[in-house]
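Overview (structure and organization)
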Amino acid sequence: MRNLAVGFAVGAVVGGAATAYVLIKKPDTVRVSTGHKPTPSSIQYHPALKYGAPTSGVSNQNMRFYDGFVAAFDTRTRNPSWVLEHLQWKDKNDDGVDRSKSDFFEDKQIDEKFRNRIADFKGSGYDRGHLAPAANHKSSQKAMNETFTMSNVSPQVGRGFNRDYWARFEKFVKDLMKFSTAVYVVTGPLWLPKMDKKSKKWTMQYPLIGEPPRLVSVPTHFYKVILAERAGGGPTGVGAFVMPNEEIDPNTPLVRFSAPIGDLECATGMKFFPNYLTDDRKAVLDDTAVEWREYGKAKQIQSGKNSNPQLPAESSASESVELEKKTSTQETAVVSRGLPKTRLGGKGAVHLCENTGCEVAQREFWTKKK
């Protein structure tokens with residue numbers, strides 16, 4: 001692939017999602033397996049699925065429906081396959097909602113042999129990382145409590161990631177609501193291979209937590225695919241970001257993690273927002289995503305903060321270029337072209353960074369006075 005270092009097989013992609021979006025009553029008691037459709041009497045509408053659920057032959061098993069998000073669980077890795085949120089600024093926060101009243105709980109509707117457990121994380125060195133952040137769901141105590149289901153949790157590095165850069169990224173996403181009529185966010189774990197320097201072959205290595213045989217796979221990366229409907233009828237902003245599950249230099253520009261959606265779909269075996277993202281739209285947005293990443297690299301070099309995070313950015317290890325090896329001529333040329341613009345053909349869609357600039361929140365924003 002040209003933009004994600006992914007020499008691996010992906011799951012088969014099946015037909016697009018239906019135009020209608022559904023909510024199953026009793027969200028913690030219903031499973032939807034591949035090929036099974038709920039009966040009409042059990043269906044209500046769920047706004048998170050306006051543009052369709054991520055489509056895959058595997059990823060839509062064990063689906064869960066909650067007040068503010070929908071989730072699917074992968075019993076092979078014991079991680080969520082994906083979590084899809086619907087966010088709107090008009091969803092008034094309940095001042096009585098208190099995070100300290102929420103506790104993590106296991107999804108009892110998944111067989112104990114196959115689910116992730118609270119005990120798996122004890123002493124593991126990894127955080128219980130929310131994929132749908134609790135801070136996004138303050139409309140009621142129930143809505144916040146639902147984000148603490150273990151079906152919404154993956155093992156995340158704490159220092160420098162879950163408690164820093166990833167949290168700042170989540171705040172960026174949440175703030176999109178301020179100038180969007182609605183924001184749709186798909187978040188999920190990702191496992192990417194590395195090329196062995198000696199054998200020149202792709203290898204997959206990642207830690208596991210828990211005790212055999214009930215081990216939980218630790219993702220090498222995490223992603224978000226974001227669709228923000230522009231308030232006032234402006235162009236819809238769409239963008240994907242892939243970050244390594246490791247400590248990230250806090251000065252790294254967010255656009256360094258910009259990823260082409262098409263390549264991410266190959267890596268995950270899923271299609272995102274299938275009711276909106278046509279192949280033509282994706283082609284235009286993906287070209288712009290690469291430009292934004294290159295722009296971020298160049299700006300980072302010019303600033304002298306060459307952290308060179310572990311990014312799935314190059315087509316192969318042999319072609320990868322360390323930041324410090326970039327010449328001043330190259331970086332100056334990239335920056336001098338100015339901020340990337342989505343070319344014609346997006347059909348009302350532009351890259352998210354064109355609408356927002358894509359800058360993460362300041363460090364420890366949660367300690368600042370509002």
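This text goes with the structure placed above it.
The notes below deal with the structure included here.

Cut-offs applied
Residues numbered from 1 in each chain as written. Predicted model: local features only at pLDDT ≥ 70, side-chain atom pairs only at ≥ 80, totals over all residues. Heavy atoms only, no water. Helix = DSSP H or I, 4+ residues; strand = E, 2+ residues; numbered from the N terminus. Buried < 20%, exposed > 50% of the residue type's maximum accessible area, 1.4 Å probe, protein only. Lys, Arg positive; Asp, Glu negative; His and termini not counted. Salt bridge = Lys/Arg side-chain N within 4 Å of Asp/Glu carboxyl O. Polar contact = N/O pair within 3.5 Å; in protein donor to acceptor, adjacent residues only side chain to side chain. Contact = heavy atoms within 4.5 Å. Patch = residues over 30% accessible without salt bridge, like charges linked within 9 Å, V, L, I, M, F, W, Y side chains within 5 Å. Areas by Shrake-Rupley, 256 points an atom, 1.4 Å probe, with all protein chains shown as cover. Phe/Tyr/Trp six-rings, centres within 6.5 Å; stacked < 30°, edge-to-face > 60°.

Here we take up the side chain of lysine 224. Summarising the element assignment, lysine 224 is placed in strand S13 (residues 221-230). For the buried lysine 224, which has no salt bridge, the nearest side chain bearing the opposite charge is glutamate 85, at an N-O separation of 4.6 Å. A polar side-chain atom of lysine 224 sits 2.8 Å from a polar atom in the side chain of threonine 187. Not counting residues within four places of it along the chain, the set of residues in contact with lysine 224 comprises Leu131, Trp166, Phe169, Glu170, Val173, Val185, Val186, Thr187, Gly239, Ala240 and Phe241.

Our focus in this paragraph is unusual backbone geometry. Of the consecutive residues proline 212 and proline 213, the connecting peptide bond is found in the cis state with omega at 0 degrees. In the Ramachandran plot, lysine 200 falls in the positive-phi region, its phi being about 60 degrees despite a non-glycine side chain. Classification of lysine 200 as exposed rests on a relative accessible area of 53%. The backbone phi angle of cysteine 358 is positive, close to 55 degrees, even though this residue is not glycine. Tracing the sequence through the fold places cysteine 358 in the segment after helix H7 (352-356). The buried category is assigned to cysteine 358, whose relative accessible area is 4%.

So, on to a nonpolar patch on the surface. Residues Met204, Tyr206 and Leu208 make up a contiguous nonpolar surface patch of about 260 Å² in total accessible area. When you line up the elements, methionine 204 lands in the loop between strand S10 (202-203) and strand S11 (208-211). Judged by its relative accessible area of 36%, methionine 204 falls in the partly exposed class.

Using the criterion set out here, one finds 14 aromatic pairs in the structure. Note on tyrosine 51 and tyrosine 184: the rings are 5.1 Å apart at their centroids and 85 degrees apart in plane angle, and the pair reads as edge-to-face. Highlighted residues: tyrosine 51 in the loop between strand S2 (43-44) and strand S3 (63-65) and tyrosine 184 in strand S8 (residues 180-190), separated in sequence by 133 residues. Take tyrosine 51 and tyrosine 184: they sit in the same class, and that class is buried. With 5.5 Å between their ring centres and 65 degrees between their planes, tyrosine 165 and phenylalanine 257 make a pair best called edge-to-face. With tyrosine 165 in helix H3 (residues 158-175) and phenylalanine 257 in the loop between strand S14 (236-244) and strand S15 (258-259), this residue pair connects regions lying 92 residues apart in the sequence. One exposure class covers both tyrosine 165 and phenylalanine 257, and it is buried.

Turning next to the environment of phenylalanine 105. Within the secondary structure, phenylalanine 105 sits in the loop between strand S5 (79-87) and helix H1 (118-121). Judged by relative accessible area, phenylalanine 105 falls into the partly exposed class, the value being 36%. Through-space distance from the C-alpha of phenylalanine 105 to that of serine 151 is 9.0 Å; in sequence the pair is 46 residues apart.

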